[in-house]
Amino acid sequence: MNAGELPAIVVEDLRKAYGGTPALDGVSFSVPPGELFAYLGPNGAGKSTTIRILTGLTRKSGGRAVLGGADIDRDPIGAKRRCGVVMQHVNLDGDLSLDENMDIHGRLFGMSAADRRARTAELLEVVDLADRRHRLVNTLSGGMKRRLMIARALMHRPAILFLDEPTVGLDADIRRRIWGLIKTIQKQGATVFLTTHYIEEAEFLADRVAFLDTGRIRALDSPAALIARVGGWAFDRLGPEGMTTRYFADREAAQAAIATADDALTLRRANLEDAFLTLTGKAVR
């Protein structure tokens, strides 16, 4: 972030409780403009709650949040105008065409008819759906619907894009295609806030990753730095109590340990899932 440049997202001591049970317990972080920030955690960690609060769908219990300089309490409309949102579940109107879904979104944000037409054409080209623009959404595959949701979220040119599990349930090849789309959007200048259960997705896409567990951030750094905390290399051993993993700072140390082992072991590079398991003691899923 350049000197004097405001963060795209600022979250300070964010809290949310449901019936006395905390879903978020004092979460704080900031995201500079243009960064792809991934938010990882097991089910119930508070990922979707965070996005719902930041996008105005859920009221927080305490703390402060600012999107592009707009406080979500003092200027909720301004904050909403600064962001586009792609939620987990498909929320397109299936009985309308792709064009019509895009047009309605543009109308909600006060875009002129000419701007809506031009922006729709531009974005449907970006997500490779231009040849289907007049078809009903119900005729699209799951991957196409996800791409359309991303295009719709970008319709009003938001500075911040929230993606809540954008590739959930999709085949690996479709997920990879959407990864490319997300990186393209970031390169065009958008700040991207991503939640995902696919930890390799965060490792591939993110500039920084936050590990969320039981409503608190347990670690926050670049994927490479988080992996380095546990060691660059690892091997797994299946024993009476299940699978155990040993980590090593370098390949040579790992190979030396394997050489003295009395069973067959496979050396591998450590990954972001290793870091998450080690730092939180839990699996992401």
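Scroll up to find the structure this text is about.
Please read all numbers here as calculations on a predicted model, not as lab measurements. (Residues numbered from 1 in each chain as written. Predicted model: local features only at pLDDT ≥ 70, side-chain atom pairs only at ≥ 80, totals over all residues. Heavy atoms only, no water.)

**Quick notes on the side chain of threonine 50**
Relative to the helices and strands, threonine 50 is located in helix α1 (residues 47-54). Among all residues touching threonine 50, those that are not within four sequence positions of it are Leu14, Leu24, Phe29, Tyr39 and Phe193. (Helix = DSSP H or I, 4+ residues; strand = E, 2+ residues; numbered from the N terminus. Contact = heavy atoms within 4.5 Å.)

**Here's the deal with the packing of helix α5 (residues 142-153) against helix α6 (residues 172-187)**
It is at 10 Å that the axes of α5 and α6 come closest, and there the two elements cross at 10 degrees. Looking at the two axes, α5 sits roughly parallel to α6. Note on element contacts: α6 touches α5 through Ile174, Arg177, Ile178, Leu181 and Ile185, opposite Gly143, Arg146, Arg147 and Ile150. Taken together, the residues that form the contact of α5 with α6 break down as 5 nonpolar, 1 polar and 3 charged. (Axes fitted to C-alpha atoms, helices over the stretch in contact; angles between N-to-C directions. Parallel < 35°, antiparallel > 145°, perpendicular 65-115°, else oblique. Nonpolar A, V, L, I, M, F, W, Y, C, P; charged D, E, K, R; others polar.)

**Regarding the sheet that holds strand β4 (residues 62-67)**
Spatial ordering of the open sheet is given by β2-β1-β4-β5, a layout of 4 strands whose pairing is antiparallel. Two strands lie at the open edges of the sheet, namely β2 (21-31) and β5 (70-71), each paired on one side alone. Across 8 bridges, strand β1 (residues 9-18) lies against β2 in antiparallel orientation. By the bridge assignment for β2, isoleucine 9 is matched with valine 31. Contacting β1, β2 and β4, α1 crosses the sheet at an angle of about 115 degrees to β1. (Pairing = 2+ DSSP bridges.)

**Focus on unusual backbone geometry**
A positive phi angle, close to 50 degrees, is found at aspartate 13, a residue other than glycine. Exposure remark for aspartate 13: the relative accessible area of 34% places this residue in the partly exposed category. One non-glycine residue, glutamate 165, adopts positive backbone phi at about 55 degrees. Mapped onto the fold, glutamate 165 is located in the loop between β7 (160-164) and α6. (Buried < 20%, exposed > 50% of the residue type's maximum accessible area, 1.4 Å probe, protein only.)

**Side note on the nonpolar core**
Ranked by size, the top nonpolar core spans 47 residues in total, and within it Leu40, Leu148, Ile150, Leu163, Val209, Phe211 and Leu272 carry the most contacts. Leaving out residues up to four positions away in the same chain, leucine 40 has contacts with Lys47, Thr196, Ile199, Ala202, Val209, Ala210, Phe211, Leu212, Leu272 and Phe276. Listed in part, the 26 residues of the second largest apolar core include Phe29, Ile72, Ala79 and Cys83. (Core = buried A, V, L, I, M, F, W, Y, C linked by side-chain atoms within 4.5 Å.)

**Details of the sheet that holds strand β6 (residues 83-86)**
An order of β6-β7-β8-β3-β9-β10 is seen for the 6 strands of this open sheet, with the pairing classed as mixed. The sheet terminates laterally at β6 and β10 (216-221), the two strands that pair on one side only. Ignoring which end each strand starts from, the neighbouring axes of this sheet average 15 degrees apart. Judged from the 5 bridges that link them, β7 and strand β8 (residues 191-195) form a sheet pairing that is parallel. When the sheet's bridge partners are listed, leucine 161 is paired in β8 with valine 192. Packing of α6 onto the sheet brings it into contact with β3 (36-40), β7 and β8, and relative to β3 it is tilted by some 135 degrees. Packing of helix α8 (residues 223-230) onto the sheet brings it into contact with β9 (208-213) and β10, and relative to β10 it is tilted by some 105 degrees.

Note that every value here comes from positions in space, so none of it alone points to a role or purpose.
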